[in-house]
Amino acid sequence: MKGFRPGIVPSLVVAVLLPVMVCLGFWQLSRGEQKRVLMDSYAERRVAQPMASVELQHTADPAFRPVSLRGQFDAEHSILLDNRQHDGKVGVELLQPFLDQATGLWLLVNRGWLPWPDRRTPPAFSTPEQAVNLQAWVYVAPGTTFQLHADPADAPWPRLVTAVEPDKLWAELGRNGFAYQLRQQSGPGAYRTDWPVVAMGPEKHLGYAVQWFAMAAALFGLFLYLGWHNAGRQHGNHHESNQHV
């Protein structure tokens with residue numbers, strides 16, 4: 001544009017940051033849509049009749065499907081999923097291998113959230129010793145859990161982790177197990193089981209997208225202002241120098 005002089009440095013900054021901000025905005029919109037579809041699927045499937053455990057392995061898309069189980073917990077290999085919060089309180093989720101009697105298949109059952117207010121002492125929990133009937137549903141995570149460091153494979157039991165990986169657990173224990181965790185709905189030994197489907201709902205992703213687009217618009221507006229402002233200032237200086245001559 002004639003007379004538009006934003007300068008090299010502002011031009012480089014805008015060339016780098018503007019596409020990044022716009023891409024982040026569209027990425028947030030995409031994540032919001034994924035979460036919306038996920039929650040719709042969850043709502044639809046949770047009201048369906050519970051399937052028998054024998055159907056579980058033969059279901060192409062088991063996410064959020066309710067399941068009726070009978071079997072026994074393995075208390076020796078308990079997993080504590082760290083950094084879980086409820087009502088502003090810090091705690092863990094307790095997951096334990098569960099041997100399904102009907103199929104002989106091992107399932108990783110999430111028994112729910114329990115508080116852990118004092119890190120100097122391990123969280124207290126108990127495990128039913130006898131066979132139990134459970135109602136649960138299959139949880140499939142919407143994405144990979146972000147970890148600063150991978151969980152150690154040889155940590156003692158009960159094992160404190162930041163991500164749940166059933167396949168790795170079954171490989172370590174040498175067991176034939178199901179690939180996803182099941183979240184207990186009711187039954188003996190259930191702790192707090194009112195999980196949200198997703199940690200961040202679609203509306204939050206929409207809000208973040210609006211913020212990124214607003215920042216991109218503000219940056220571009222500032223770039224235009226500086227360009228025309230610098231052009232006007234240079235034109236004024238040039239006019240002054242001509243008068244002095």
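Residues numbered from 1 in each chain as written. Predicted model: local features only at pLDDT ≥ 70, side-chain atom pairs only at ≥ 80, totals over all residues. Heavy atoms only, no water.

## Concerning a nonpolar patch on the surface
Here is step 1: Together, V9, V13, V16 and L17 make up a nonpolar patch on the protein surface, roughly 340 Å² of accessible area in all.
Here is step 2: Tracing the sequence through the fold places L17 in helix 1 (residues 8-46). (Patch = residues over 30% accessible without salt bridge, like charges linked within 9 Å, V, L, I, M, F, W, Y side chains within 5 Å. Areas by Shrake-Rupley, 256 points an atom, 1.4 Å probe, with all protein chains shown as cover. Salt bridge = Lys/Arg side-chain N within 4 Å of Asp/Glu carboxyl O. Helix = DSSP H or I, 4+ residues; strand = E, 2+ residues; numbered from the N terminus.)

## What to know about the packing of aromatic side chains
Here is step 1: One pass over the full model with this rule turns up 5 aromatic pairs.
Here is step 2: An angle of 70° between the planes, with centres 5.1 Å apart, marks the rings of F26 and F213 as edge-to-face. Here F213 lies in helix 4 (residues 202-244) and F26 lies in helix 1, a separation of 187 residues in the sequence.
Here is step 3: Looking at F26, the relative accessible area reads 51%, which means it is exposed.
Here is step 4: Between the aromatic rings of W137 and Y139, the centroid separation amounts to 6.2 Å while the plane-to-plane angle is 85°, which identifies the pairing as edge-to-face. (Phe/Tyr/Trp six-rings, centres within 6.5 Å; stacked < 30°, edge-to-face > 60°. Buried < 20%, exposed > 50% of the residue type's maximum accessible area, 1.4 Å probe, protein only.)

## Considerations on the pairing of strand 5 (residues 106-115)
Here is step 1: Of all 10 residues making up strand 5, 9 are buried, and the element is well covered by its neighbours.
Here is step 2: Of the strand pairs in this sheet, strand 4 (residues 89-100) and strand 5 are connected by 9 bridges, and their pairing is antiparallel. For V92, the partnering residue across the bridge sits in strand 5 and is L114.
Here is step 3: Pairing of strand 5 with strand 8 (residues 177-186) involves 4 bridges; the strand directions are parallel. Bridging from a neighbouring strand, L108 pairs with Q181 of strand 8. (Pairing = 2+ DSSP bridges.)

## Things to note about the environment of D118
Here is step 1: Here D118 is to be found in the loop between strand 5 and strand 6 (132-139).
Here is step 2: Residue classification places D118 among the partly exposed residues on the basis of a relative accessible area of 27%.
Here is step 3: With 28 residues separating them in the primary sequence, D118 and V90 have C-alpha atoms 9.4 Å apart.
Here is step 4: Side-chain polar atoms of D118 contact the side chain of R120, separated by 3.0 Å. (Polar contact = N/O pair within 3.5 Å; in protein donor to acceptor, adjacent residues only side chain to side chain.)

## Side note on the pairing of strand 8
Here is step 1: With 5 bridges joining them, strand 6 and strand 8 adopt antiparallel strand pairing. For Y139, the partnering residue across the bridge sits in strand 8 and is Q181.

Bear in mind that shape data such as this cannot, by itself, settle questions of function.
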